[in-house]
Amino acid sequence: MDSSAIERRTGASEHCVEDSDSVIRDCIVHMEGVSRLYRSGTAAIYGLSAIDLSIKRGEFVALTGPSGCGKSTLLSIMGLLDHATSGCFLLNGRDATTLGYSERARIRNEEIGFVFQAFNLIPHMTVYQNVELPLSYRKAISGKERRERIQQALARVGLYGRDSDYPSQISGGEQQRVAIARALAGFPSLLLADEPTGNLDSQSGASIMRLFEELHSNGATVCIATHDAKHASTAQRRVALLDGRSVT
Ligand SMILES: Nc1ncnc2c1ncn2[C@@H]1O[C@H](COP(=O)(O)OP(=O)(O)O)[C@@H](O)[C@H]1O
Ligand SMILES: [Mg+2]
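It should be emphasised that the depicted structure is a prediction, and the values quoted were computed from it without experimental measurement.

(A) Geometry of the packing of helix α5 (residues 127–135) against helix α7 (residues 172–184). At a minimum axis distance of 8 Å, the contact between α5 and α7 shows a crossing angle of 30°. Considering the relative orientation of α5 and α7, their crossing is right-handed. On α7, the residues that touch Val 127, Asn 130, Val 131 and Pro 134 of α5 are Val 178, Ala 181 and Arg 182. Across the contact of α5 with α7, the residue classes break down as 5 nonpolar, 1 polar and 1 charged.

(B) Layout of the packing of α7 against helix α8 (residues 202–217). Where α7 contacts α8, the axes come no closer than 9 Å and their chain directions differ by 20°. When the axes of α7 and α8 are compared, the pair comes out roughly parallel. The way α7 lies across α8 gives a crossing that is right-handed. Counting all contacts with α7, which are made through Gly 172, Gly 173, Gln 176 and Ile 180, the residues of α8 involved are Ser 204, Ser 207, Ile 208 and Leu 211. Along the lines of polarity and charge, the residues of the contact of α7 with α8 split into 3 nonpolar, 5 polar and no charged.

(C) Local environment of the sheet that holds strand β4 (residues 86–91). On the basis of which strands lie adjacent, the open sheet formed by 4 strands has the order β2-β1-β4-β5 and antiparallel pairing. Lying at the two open borders of the sheet, with one neighbouring strand each, are β2 (43–56) and β5 (94–95).

(D) Structural context of the site of ligand 1. Residues in contact with ligand 1, as listed here, are Tyr 38, Ile 45, Gly 47, Gly 65, Ser 67, Gly 68, Cys 69, Gly 70, Lys 71, Ser 72 and Thr 73. The set of elements that each furnish at least two residues to the shell around ligand 1 consists of β2 and α3 (71–78). No other element matches the 3 residues that α3 contributes to the shell around ligand 1. Residue composition of the shell around ligand 1, by class: 3 nonpolar, 7 polar and 1 charged.

Parameters and conventions
- Residues numbered from 1 in each chain as written.
- Chains lettered and ligands numbered in written order.
- Predicted model: local features only at pLDDT ≥ 70, side-chain atom pairs only at ≥ 80, totals over all residues.
- Axes fitted to C-alpha atoms, helices over the stretch in contact; angles between N-to-C directions.
- Helix = DSSP H or I, 4+ residues; strand = E, 2+ residues; numbered from the N terminus.
- Left-handed = near helix turned anticlockwise from the far one by under 90°.
- Contact = placed C-beta atoms within 7 Å.
- Nonpolar A, V, L, I, M, F, W, Y, C, P; charged D, E, K, R; others polar.
- Parallel < 35°, antiparallel > 145°, perpendicular 65-115°, else oblique.
- Pairing = 2+ DSSP bridges.
- Near = placed C-beta within 6 Å.

Right, dumping it as structure tokens:
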């Protein structure tokens, strides 16, 4: 077993209070003392250091701070794309530090919607097929329900009727809308977005932020990372990071 796996086992969940407290149960995300240590040879660097953060159902939170402060690391841990090396992390009241590989994959698919700066659409698939892809792994969802969810998600982001376009045929702002539709179609309990306007011109960026605001006012729980103060001000609450630590 490598040293990070040992660290993970010995440190990560030692003080989690799974489901014991109703305040914590109301939180989609509950983190206490979450750290992420990166090792490279003999060097070690903390991408995150002792973060405490709770996100309640229905909140809209912006993670802010300069490049390298840990925003992506924190979002990746929240979205189960990465893991904490120590600390407590409850996702929907469940200890996320003890989940196995396939359970993490299932939760990522069913409970998390992740939107990336570079959209991450599959270029040889149409808009419809891109939104469909994560749903196609969910055997419990019938073909009829899948089609309804895709149309509903595309309508939600203002792209109804654009099913058969390919990513190269639509603008950057529209591509990001497809990525958001792909995230929404899974009915996630948590929508995460890492610098979602970073590849867009200012007008398209502002329109994507308005879409997140709308989704939030319709009940979605949203957490975005941005180094743009104007976009961060759209959120209900800001959490500022510096050198892997929370400074708010
Ligand atoms: N895979 C990695 N290996 C080593 N260091 C990393 C890795 N990923 C991120 N880091 C470091 O962790 C810190 C936080 O990075 P990141 O979360 O990407 O910041 P941000 O998203 O705010 O720009 C930085 O110092 C970065 O160099
Ligand atoms: Mg980043």
